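Overview (structure and organization)
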Amino acid sequence: MRGSVYRFIKPEYQHYLGSFLLQASVVVGVTLIPFFTFQHLGGRERGASLAYGVVSLSLGGACILSAPFVSAVRNGLVYCLVGSVGFGVFFAAGMFAKNITVFCLLTGISMVFFALAWPAMQSWLGAQRNEILRTKSFSSYNMAIGLGLTAGPFIAGVAYEVDYRLAFLVVLLLGVLAAILLFTLPQEKHYFDIPAAVDVTNAGGSSCERKDNSNEVYLYCGWLTNMLGWGLTGAVRTVYAGQVDRMVHGGKLVLLSTGLPLHVFTAQSAPTAATLYSWMQTVLSLGYFIAVLAMSRTVRWQHRFGVIVACQALLGAGIWVLAGSDSLFVILICHLVMGAFTGFGYLGSQCYSSTNPQLKHRRIALNEGLSHSTGFALPLVFAQLGTWYGMTWAFRYT
């Protein structure tokens, strides 16, 4: 392969490892938001929702604005270097914030940097000329970020238990390591400058290409599903964290059920509310990973309304049960369901956005921007409804 140098690891695998580390860095940071807000900034659910919302809105807006420039530079990997390091530095600086405003400013700037790296990572994989190999690469990429989503909350919980400042330093360390791995990839124009190994035109094209004429309605359904998934994920990560905190301090959270508690979690005994919350986020991310893994093995879920309706129904049941449960076991199952729905929406929206080669870059940018903007708005709505009607009201009637 002309222009490529195999050193210690195949470039694709190096890319997946860098993606995993960068995703884990972001998730560690996001997991810190609610309890850092509660314990060090004097805020509650509305403050945590605002901080999370600023992160989502900054990422969404910057993704859309930076999309035209990703392919305009000679080496897009520069964006990976600047974006990953900038994210780590500014988010880690958030540990010195003394109020919500400063914290939101620093984390918002960090996500602008992250938005430079995120499209550039996908652009490098998209340079693969062989459609079949490109599809496999994106599937593996989703596996990598799924693992990052799963490992991030666990890492955050362990580090936070030692010292909250250590958790912020972990964000910086992972961001720098990701930057090194991604920036040292071979330039795409050299690495992928080979004739396609398989003529995908003669092979009949991908599933999405064969169904291009009927793709439009599924494209919008995919976008809406993705927006709902990430919006609810944001609400659970911020608003529901306050519910967990209250249940633990009130001695109302049990391991199995009220009739057979087995163990009652309290503020006076380990694990703490922050650790329990990190477990829930780990399981939510695990659900995402399982869904993406299952969907990468088949295309039968594509272009089927029945699958979309079934997933929506399962999500509704999970949210409704979550609102009234005081069982850690049931709560973890509900988080698993919500994570799986988020994975379903994200991978589906990626597929439908990529169907039209002429519009795929614009559509992917819009998809990212819309989903993260919803991640800004929905937690704020849930927090306000919680202030008016109780913290579980919005979850019960979603």
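Look above for the structure.
All of the points below concern the structure found in this document.

Calculation rules
- Residues numbered from 1 in each chain as written.
- Predicted model: local features only at pLDDT ≥ 70, side-chain atom pairs only at ≥ 80, totals over all residues.
- Heavy atoms only, no water.
- Axes fitted to C-alpha atoms, helices over the stretch in contact; angles between N-to-C directions.
- Helix = DSSP H or I, 4+ residues; strand = E, 2+ residues; numbered from the N terminus.
- Parallel < 35°, antiparallel > 145°, perpendicular 65-115°, else oblique.
- Left-handed = near helix turned anticlockwise from the far one by under 90°.
- Buried < 20%, exposed > 50% of the residue type's maximum accessible area, 1.4 Å probe, protein only.
- Contact = heavy atoms within 4.5 Å.
- Expected span 1.5 Å × (residues − 1).
- Bend = angle between axes of the 7 residues up to and from the residue.
- Phe/Tyr/Trp six-rings, centres within 6.5 Å; stacked < 30°, edge-to-face > 60°.
- Salt bridge = Lys/Arg side-chain N within 4 Å of Asp/Glu carboxyl O.

**Brief notes about the packing of helix α11 (residues 273-295) against helix α13 (residues 328-353)**
What describes two packed helices is the angle between their axes and the distance between those same axes. Contact geometry for α11 and α13: axes closest at 6 Å, N-to-C directions at 40°. Here α11 is positioned oblique relative to α13, judged by the angle of their axes. When you trace α11 past α13, the crossing you get is right-handed.

**Digging into the side chain of Asn 142**
As for its position among the elements, Asn 142 is in helix α5 (residues 131-162). Classification of Asn 142 as buried rests on a relative accessible area of 1%. Once residues lying within four places of it in the same chain are set aside, the contact partners of Asn 142 are Tyr 288, Val 292, Tyr 346, Leu 347 and Gln 350.

**Digging into the packing of helix α10 (residues 215-249) against α13**
Axis separation between α10 and α13 bottoms out at 8 Å; the angle between their running directions is 150°. By the criterion of interaxial angle, the relationship of α10 to α13 is roughly antiparallel. Where α10 crosses over α13, the handedness of that crossing is left-handed.

**Some details on helix α1 (residues 11-40)**
End to end, α1 covers 42 Å across 30 residues, agreeing with the expected 44 Å (1.5 Å per residue, within 8%). Roughly 35° is the biggest bend found in α1, and it falls at Ile 33, with proline Pro 34 one to four residues downstream. Summarising burial for α1: 25 of the 30 residues are buried, a large majority. Positive backbone phi, at 75°, marks Gly 42, one or two positions downstream of α1.

**Brief notes about the packing of aromatic side chains**
Summed over all chains, the structure comprises 18 aromatic pairs. Ring geometry for Trp 230 and Tyr 288: centres 6.1 Å apart, planes at 50°, overall tilted. In this pair, Trp 230 sits in helix α10 while Tyr 288 sits in helix α11, placing the two residues 58 residues apart along the sequence. The exposure classification of Trp 230 matches that of Tyr 288, with both residues buried. What links up through ring pairs into an aromatic cluster is the set Phe 36, Phe 87, Phe 91, Phe 103, Phe 114, Trp 118, Tyr 141, Tyr 164 and Phe 168.

**Some words on the environment of Ala 167**
Its location among the elements puts Ala 167 in helix α6 (residues 164-183). The class for Ala 167 is buried, based on a relative accessible area of 0%. When the C-alpha atoms of Ala 167 and Gly 157 are compared, they prove to be 8.2 Å apart, with ten residues separating the residues in sequence. With residues near it in sequence (within four places) discarded, Ala 167 still touches Val 28, Leu 32, Ala 156, Ala 159 and Tyr 160.

**Comments concerning the pattern of salt bridges**
Opposite charge on two side chains permits them to pair, given that their charged atoms come into close proximity. Enumeration over the complete set of coordinates arrives at one salt bridge. For Arg 165, the salt bridge goes to Asp 163, with nearest N and O atoms at 2.9 Å.

**Notes on the environment of Ala 156**
Locating Ala 156 in the fold gives a position in helix α5. In this structure the C-alpha to C-alpha distance between Ala 156 and Leu 166, which are ten residues apart in sequence, comes to 9.1 Å. Excluding residues that lie within four positions of it along the chain, Ala 156 makes contacts with Val 28, Thr 31, Leu 32 and Ala 167.

**Some details on the side chain of Thr 31**
Mapped onto the elements of the fold, Thr 31 is located in helix α1. Take Thr 31: its relative accessible area is 9%, and that puts it in the buried class. Those residues within four positions of Thr 31 in sequence are excluded, and the remaining contacts are Pro 153, Ala 156 and Tyr 277.

Shape is all these values report; function is a separate question.
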